[in-house]
Amino acid sequence: MPNRRDFLIHSASTTAALGLLPSFAHSEVPPLPDALPAPVEVRLPPADERLDLSPASWIWYPSTRTLPNTVVLFHRVLTLAGTPQKATGWIAAESRYLLTVNGKRIQWGPAPSDPRRMEVDPLDLAGALHEGTNTIAVSVLHYGHGDGTHPIGKPGFIFSLMIEESDGATTRLVSDRQWRSCLATCWRPGQYKRWYVRAFQEEFDARLYPQGWETAVELSADAWLPAMLLDCPASLPPVCSRYPDDLMETSTDRDVCCLLPRSIPLLTESVVSATRLTEAFTIAWQRPAEEYFSMVPPEAYRQSPLADVRESPSGTWHAHITPDRTVALTFEFAEQIVGFPEFVIDAPEGTIVELLVHEAHVPGTDALLNTHFNAWARFICRNGQNRFRTFDYESLRWLQLVIRGAEGDVAVSAVGVLRRMFPWPNQPAVAAGEPGLQRLMDACINTLYNSAQETFVDGMGRERQQYSGDGSHQMHAAYLALGETRLPARFISTFSQGQLQDGYFFDCWPAYDRLARIMERQLNMSPWGPLLDHAVGFAFDCYHHFMYTGEQLPLGEPFIRLQRFVAYLHRITGPDGLLPVEHLGVPNVWIDHYAFKHQRHKQCAFNLYAAAMLSHAFAPLARAAGRRDWEDFAAAFAGRLVAATQQKFWSPHDLLFVNNLPWEREEGEQRMCDRSLATAVLFGFCPDDRTEACIRALRECPPAMGLSYPANACWRYWALGEAGSTEVIVDEFRTRWAAMDSVRMNNTLAEIWHARPDSGDLWSHCAIVPLYVTYMSIAGIRPVAPGFAACTITPRPGPLEHLALTAHTVRGPITFRSLGRLGDRTLHLRLPAGVEATLRVDQRETVDLPSSTGDAGRHMASFRLPTENDIVVHLHYT
């Protein structure tokens, strides 16, 4: 079995024994090395990993200016002598495209990516094309404005398709001047931005839409112009074009840009219908409706319950509107989902429908759901039946239609969401044995479905941005519960590309947020800048990916970028040997929402966190990459940070890290935090391994200890699990997590403990701590060598009498089942071939398995587990 000193995940109190950190006396702060190892230059991926779509061209509507939120339609007719055997290729657009073939929706994309390294979506149209005339239609939305899924860019569209017919003949179809383009004024060009990180406030007028164009062969020459070729090579993204950029005036260095093939599968789409019409109101406007939706003035309307809405047996809702009588129909879904809201309405011409979405709502309160970051789209009807679907996706459990602006009867039907989901390779298998805990696990899984799609985001209802730190913990669940490695790999690549020239990371890349924060921070106009603690977390993400998968990806470009980040931390280290958390300029240190009263209180936690990253993530990656110089430097740097943190914040009297120890007398109280104490316990940072007081505080949560918000609660639980105190974890799962309103109402995990309905709170957030902590700390399944070549299983079910789960590893599934209560428990295990597994249990247990060599940890014994056999172990103390 590989030595655990080589690759270690969250080992408790064994750090010094394993030699991962130098041992320093409490009063010593060793000197910081003067010279850093030589960095390696970041280069583009090799040529064979990049795409050149020649002879295709980047095309656009003939113009020299494109307003934000402009939609351009592209049309091409293709005639085939027979049904194709194969039709594959590539498609990309800036910012988003919708592809239909012969009127059928095919795919929506592309995935969010760095505008300098755009990912191009694959095409497989063999099943959509047929003998004879085919129509390929693409709607392209150019955001212009920054978005949580799109930081910056220029417009453009590219398409390349190779068709092989039954007789072996091939046809190539590429984007060029033969494509026709139309400025889609049905979506008003220049439409205002919806919110800070939501670009598209959709307004669609069906009366102006070129009906039938998706299947048409002939088009009006007046409205449809030959596409314009952009001055941009087919091997580069459109941000490299010479097309004018009125908003940002970007001028991109082509040498740092390329096109890459999409690194994850296309998402699946399926219709989910609303479960019921929950409430209906009439609205009497006191201010013009357009003013309300654009400005939200107070007391803009009066509401009254609507009694005469009728539902037919076919599931159609009928109502009557007048110019003075607006109808608001509010529908709900069984759970919160992410996708494209849709509905059908038969209405008089000119009828206006605002579609509003919300994560949480209390019926009987405000009639209109416009309390969640202006989450509405506007549709204007042509006469008769209209089928509407939003162009961009939403996160919702509630959908409302505000119908107004005309006179006559309206009929609403087919209210639903085209739900989008990542095609996970495995179904999750977690049985908790208790209804409340099972509901909690199910809510975690549904939340993961919502937040992990093309990127790992905090919540789709607000930013839709990819974060490390608190946001990337959910990748543990993707690896273990679902066996997915491609999406985490994409996270590692795309996040690493968002590195600033100073060496730190944007921390939510690829997204607009931190681009804007840079100028705000320079003017002292925002507390939010690129978060250094999230960059620390990213090093752990790279390390975990290496351990779960064995892939070399984290040892390539991401590791090179991490070297630059470590060099940055070295530069900002103060004369006291500590990393500062104040007066940092553009970046800042966050750590958590709730655990700290003052910014300076974060210095203890941040320095311990950085030391843990250097010694337990960056150093092992350096070793695996063959960079012993960086490994030694990281160990020395970590040792200095630990020693300096002990000197400033360790209380010899309380045997605790105290966040405000230097200012305790001034502030009149003692302050601790779960992050500092958990980090110290997990990585062996308590002097002389004196962890008792830290563990006691983590168990009891005294008032002086700040607690992390839900997404970061994992650190405390990991430490408690390592200390054998999983009964505390299970109790909080039962009493606190399972009692969340979001769990009960939305089948999701909320961002905060008490999320409010009808507000901006996130009800589906990445805080799926109970799911992955169950795998990692209760079942205790963790890799200890890259690619799960070796793992430990440390079962600590505590008070759980039944727990069954499957961990999907790259080597195959590990099945785990624990039955019985403490004192009389049976453990059933099965492991795949190729895994050297160790069972760690209480040293008092008598286990009929061969003993394992190596340090099992305090009061623990370890045993070697066979593979490809059913293993049954009876436990009395574990």
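Going by the structure above, here's the rest.
A brief report on the enclosed structure follows. If you're wondering where the values come from, they're calculated on a predicted model, not measured in any experiment. (Residues numbered from 1 in each chain as written. Predicted model: local features only at pLDDT ≥ 70, side-chain atom pairs only at ≥ 80, totals over all residues. Heavy atoms only, no water.)

**Description of the overall build of the protein chain**
Helix and strand counts for the protein chain come out as 16 helices and 38 strands. In terms of overall dimensions, the protein chain is globule-like: its C-alpha atoms have a radius of gyration of 29 Å, near the 29 Å expected for 878 residues. Along the three orthogonal principal directions, the C-alpha set of the protein chain runs to about 80 × 60 × 60 Å. Each of the 878 residues in the protein chain was classed as buried or not, and the buried ones make up 64%. Summed over its atoms, the accessible surface of the protein chain is roughly 31000 Å², and 49% of this surface lies on carbon and sulfur atoms. Side-chain charges of the protein chain comprise 78 positive and 98 negative groups, with the mean position of each set lying 2 Å from the other. (Helix = DSSP H or I, 4+ residues; strand = E, 2+ residues; numbered from the N terminus. Rg over C-alpha atoms; globule rule 2.2 N^0.38 Å. Buried < 20%, exposed > 50% of the residue type's maximum accessible area, 1.4 Å probe, protein only. Areas by Shrake-Rupley, 256 points an atom, 1.4 Å probe, with all protein chains shown as cover. Lys, Arg positive; Asp, Glu negative; His and termini not counted. Charge placed at Lys NZ, Arg CZ, Asp CG, Glu CD.)

**Digging into the pairing of strand β36 (residues 836–842)**
Judged by how many residues are buried, β36 sits mostly within the fold: six of seven residues are covered. Here strand β32 (residues 790–793) runs beside β36; their pairing, made up of four bridges, is parallel. When the sheet's bridge partners are listed, Cys791 is paired in β36 with Ala837. Strand direction decides the pairing type here: β36 and strand β37 (residues 860–865), joined by six bridges, are antiparallel. Following the sheet pairing, Asp842 is matched in β37 by Met860. (Pairing = 2+ DSSP bridges.)

**Brief notes about the packing of aromatic side chains**
Under the definition given, this model contains 61 aromatic pairs. In textbook terms, an aromatic cluster arises when at least three aromatic residues are bridged by ring pairs, as seen for Trp187, Phe200, Phe204, Tyr209, Phe343, Phe379, Phe388 and Phe391. Looking at Arg464, its charged tip hangs above the ring of Tyr393, at a distance of 4.4 Å from the centre. Above the ring of Trp753, the side-chain terminus of Arg736 is found at 3.9 Å from the ring centroid. (Phe/Tyr/Trp six-rings, centres within 6.5 Å; stacked < 30°, edge-to-face > 60°. Lys NZ or Arg CZ within 6 Å of the ring centre and 35° of its normal.)

**Overview of the packing of helix α12 (residues 692–700) against helix α13 (residues 714–722)**
The axes of two packed helices give the description: the angle between them and the distance between them. Put simply, α12 and α13 touch, their axes get as near as 10 Å, and they point 120° apart. What the angle tells us is that α12 and α13 run oblique. Here α12 and α13 pass one another in a crossing that is left-handed. Here Ile695, Leu698 and Arg699 of α12 come into contact with α13, specifically with Arg716, Ala719 and Leu720. Taken together, the residues of the contact of α12 with α13 sort by class into four nonpolar, no polar and two charged. (Axes fitted to C-alpha atoms, helices over the stretch in contact; angles between N-to-C directions. Parallel < 35°, antiparallel > 145°, perpendicular 65-115°, else oblique. Left-handed = near helix turned anticlockwise from the far one by under 90°. Contact = heavy atoms within 4.5 Å. Nonpolar A, V, L, I, M, F, W, Y, C, P; charged D, E, K, R; others polar.)

**Things to note about the environment of Gln211**
Inspection of the secondary structure puts Gln211 in the loop between β11 (203–205) and β12 (225–226). Classification of Gln211 by relative accessible area gives partly exposed; the value is 43%. Here Gln211 is in contact with Ala206 and Arg382, once residues within four sequence places are set aside.

**What about the pattern of salt bridges?**
Enumeration over the complete set of coordinates arrives at 51 salt bridges. Among the salt bridges present, the one from Glu669 reaches Lys597, with a minimum N-O distance of 3.0 Å. Here Lys597 lies in the loop between α7 (557–572) and α8 (602–624) and Glu669 lies in the loop between α10 (664–667) and β29 (672–673), a separation of 72 residues in the sequence. Across the pair Asp761 and Arg756 runs a salt bridge whose closest N-O atoms are separated by 2.9 Å. If you follow the salt bridges from partner to partner, you end up with Glu203, Glu290, Glu354, Arg378 and Arg404 in one network. (Salt bridge = Lys/Arg side-chain N within 4 Å of Asp/Glu carboxyl O.)

**Focus on the sheet that holds strand β38 (residues 871–875)**
Judged by pairing direction, the sheet is antiparallel, and its five strands sit side by side in the order β26-β33-β34-β35-β38 without closing on themselves. For this open sheet the edge positions go to β26 (430–431) and β38, each flanked by a neighbour on one side alone. Here five bridges tie strand β35 (residues 824–830) to β38, and the two strands are oriented antiparallel to one another. In the strand pairing of β38, Leu827 is matched with Val873.

**Thoughts on the packing of helix α4 (residues 486–496) against helix α6 (residues 532–549)**
α6 packs onto α4 with a crossing angle of 145° between their chain directions and a minimal axis gap of 10 Å. Remark: the crossing between α4 and α6 carries left-handed chirality. Note on element contacts: α6 touches α4 through Phe538, Asp541, Cys542 and His545, opposite Pro488, Ala489, Phe491, Ile492, Phe495 and Ser496. When grouped by side-chain class, the residues that make up the contact of α4 with α6 number seven nonpolar, two polar and one charged.

**Concerning the sheet that holds strand β5 (residues 104–109)**
Taken together, the six strands give an open sheet; going across it, the order is β5-β4-β7-β2-β10-β12, and neighbouring strands pair in antiparallel fashion. Of all the strands in the sheet, just β5 and β12 have a single pairing partner and so form its edges. Note: strand β2 (residues 70–80) against strand β10 (residues 180–183), four bridges, orientation antiparallel. For His75, the partnering residue across the bridge sits in β10 and is Arg180.

**Considering α12**
The set of residues buried in α12 consists of Ala693, Cys694, Ile695, Ala697 and Leu698. Looking at the buried side of α12, the elements it contacts are β27 (650–651), β28 (656–657), α11 (674–683), β30 (705–706) and α13. Where α12 terminates, the next one or two residues include Cys701, which has phi positive at roughly 50°.

**Focus: the side chain of Glu279**
Mapped onto the elements, Glu279 comes out in strand β16 (residues 276–285). Arg276 provides the closest opposite charge to the buried, salt-bridge-free Glu279, at an N-O distance of 9.1 Å. At 2.6 Å, the side chain of Glu279 and the side chain of His361 are in polar contact. At 2.9 Å, the side chain of Glu279 forms a polar contact with the backbone nitrogen of Gly364. With near-sequence residues (within four places) excluded, Glu279 lies in contact with Ala328, Leu329, Thr330, His361, Pro363 and Gly364. (Polar contact = N/O pair within 3.5 Å; in protein donor to acceptor, adjacent residues only side chain to side chain.)

**Side note on the nonpolar core**
Judged by nonpolar contacts, the single largest core of 157 residues is most densely connected at Trp424, Phe565, Met613, Trp737 and Ile793. If one sorts the elements of this core by residue count, α8 sits on top with 15 residues. In this view, Met613 contacts Val536, Ala539, Phe540, Phe565, Leu569, Phe618 and Ala619; residues no more than four positions away in its chain are not counted. Listed in part, the 58 residues of the second largest apolar core include Ala137, Val327, Val353 and Tyr393. (Core = buried A, V, L, I, M, F, W, Y, C linked by side-chain atoms within 4.5 Å.)

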